[in-house]
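Given next are the chains, with one letter for each unit.
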Amino acid sequence: MARRLFFVPSVHRGKAELHGEDAKHLTRVLRVEPGQLYHVSDNQQLYLAEVETAHKGLVSFVVKEELDFERPPVAITLYASLIKFDHWEWMLEKVTELNVSRIVPVRAERTDKGLDQAAIKRSERWKKIILEAGQQSRRVVLPELEDVIPFEEAVQSTADVKLFCDEEGGIHPRELMGQKIESVAILIGPEGGWTEKERAIASEWKPISLGKNVLRAETAAMAAMTTIFNIA
């Protein structure tokens, strides 16, 4: 059985600590105790660590060894148009589990203005969702969550391959097989889809089809990511 993974702010001189609510969660909910072994990550490296101290305000670890870990075969940046927050937060959780590298919220023409304005206040909540999804899925490095940017800025991505998910169709992602790809950008539209103006602005991106059915934005994000990893 795989060991639980916990993220720590840093590892210094072979030790790491968690304080406050994080420590309370480990001791009260997960029942960690001194002497138990877990995996910990400082968001850069994976370690095997032993619990040294465990009480409601502090959990400290002593690093036993540095471990190798497998990195994703391709770095995926998800440019996702803001959607209703319950769907957006579900998407954050799932794409984190699927090894997305960066998540960039995008302000599209059909983005609800209220979502755009409220996104700033939700940033810390979204980072917590990403952290919890990363620990649950045992990934070692968490995805970066960027600030909201306008659509016109999103299309300036310099990724090796830039994929524009569009219900009007395009190439099937399997047509990318055989290419040497290190980075991929995926652009997901808002509720209501893209406007013709946005399609014109994104003319240098490859339109891709994820099937005949019209997918919700959060479903399209998962489908696109899974497909890319399967051909990378």
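Everything below is about the structure shown above.
**Q** Sorry, what's going on with the environment of leucine 5 here?
**A** Position of leucine 5 among the secondary structure elements: in strand β1 (residues 5-7). Exposure remark for leucine 5: the relative accessible area of 4% places this residue in the buried category. Counting along the chain gives 135 residues from leucine 5 to valine 140, while the straight-line C-alpha distance between them is 8.2 Å. Among residues more than four places away in sequence, those in contact with leucine 5 are His39, Val40, Ser41, Leu46, Gly134, Gln135, Arg138 and Arg139.

**Q** Looking at this structure, how should I read the sheet that holds strand β3 (residues 37-41)?
**A** Either a parallel or an antiparallel arrangement is found when strands of a sheet pair, and the pairing is made through backbone hydrogen bonds. In spatial order, the strands read β1-β3-β4-β5-β2; together these five strands make up an open sheet with mixed pairing. Every other strand in the sheet has two partners, leaving β1 and β2 (15-19) as the edge strands with one partner each. On average, each strand axis in the sheet is inclined to that of its neighbour by 40°, with strand direction left out of account. When β1 meets β3, the two strands line up parallel, connected through three bridges.

**Q** For this particular structure, what's the right way to read the pairing of strand β5 (residues 58-67)?
**A** On any regular strand, side chains alternate: one points to one face of the sheet, the next to the other face. Relative to β5, β2 is paired through five bridges, and the arrangement is antiparallel. Within β5, the position partnered with alanine 16 by the bridge is phenylalanine 61. Relative to β5, strand β4 (residues 46-55) runs antiparallel, the two being bridged by nine bridges. Residue pairing for β5: glutamate 50 is matched across the bridge by valine 62.

**Q** What is the right way to look at helix α2 (residues 85-97) in this model?
**A** Counted at 1.5 Å a residue, the expected span for α2 with its 13 residues is 18 Å, and the 18 Å between its end C-alpha atoms agrees. Taken together, the buried positions of α2 are Phe85, His87, Trp88, Glu89, Met91, Leu92, Lys94, Val95 and Thr96. Phi turns positive one or two residues past the end of α2, at asparagine 99, with a value near 75°.

**Q** For this particular structure, what's the right way to read the packing of aromatic side chains?
**A** For any pair of aromatic rings, the description consists of the separation of the ring centres together with the inter-plane angle of the planes. Tallied over the entire structure, the rule returns seven aromatic pairs. On the numbers, 6.2 Å between centres and 85° between planes, the contact of tyrosine 79 with tryptophan 205 is edge-to-face. Of this pair, tyrosine 79 sits in strand β6 (residues 75-81) while tryptophan 205 sits in the loop between α5 (196-201) and β12 (206-208), and the two are 126 residues apart along the sequence. The class for tryptophan 205 is buried, based on a relative accessible area of 4%.

**Q** Which parts of the structure should I look at to understand helix α3 (residues 113-137)?
**A** Note on helix geometry: an α-helix contains 3.6 residues per turn, so any two residues three or four positions apart are oriented the same way. Bending of α3 peaks at approximately 60° at the position of arginine 122. Against the buried residues of α3 lie β1, α2, β7 (102-107) and β8 (144-145). You can read the cap of α3 off the contacts: a side-chain oxygen lies 2.7 Å from the backbone nitrogen of glycine 114, and it is on aspartate 112. Trailing α3 by a residue or two, arginine 138 shows a phi angle of about 60°, which is positive.

Definitions and cut-offs
- Residues numbered from 1 in each chain as written.
- Predicted model: local features only at pLDDT ≥ 70, side-chain atom pairs only at ≥ 80, totals over all residues.
- Heavy atoms only, no water.
- Helix = DSSP H or I, 4+ residues; strand = E, 2+ residues; numbered from the N terminus.
- Buried < 20%, exposed > 50% of the residue type's maximum accessible area, 1.4 Å probe, protein only.
- Contact = heavy atoms within 4.5 Å.
- Pairing = 2+ DSSP bridges.
- Axes fitted to C-alpha atoms, helices over the stretch in contact; angles between N-to-C directions.
- Expected span 1.5 Å × (residues − 1).
- Phe/Tyr/Trp six-rings, centres within 6.5 Å; stacked < 30°, edge-to-face > 60°.
- Bend = angle between axes of the 7 residues up to and from the residue.
- Polar contact = N/O pair within 3.5 Å; in protein donor to acceptor, adjacent residues only side chain to side chain.

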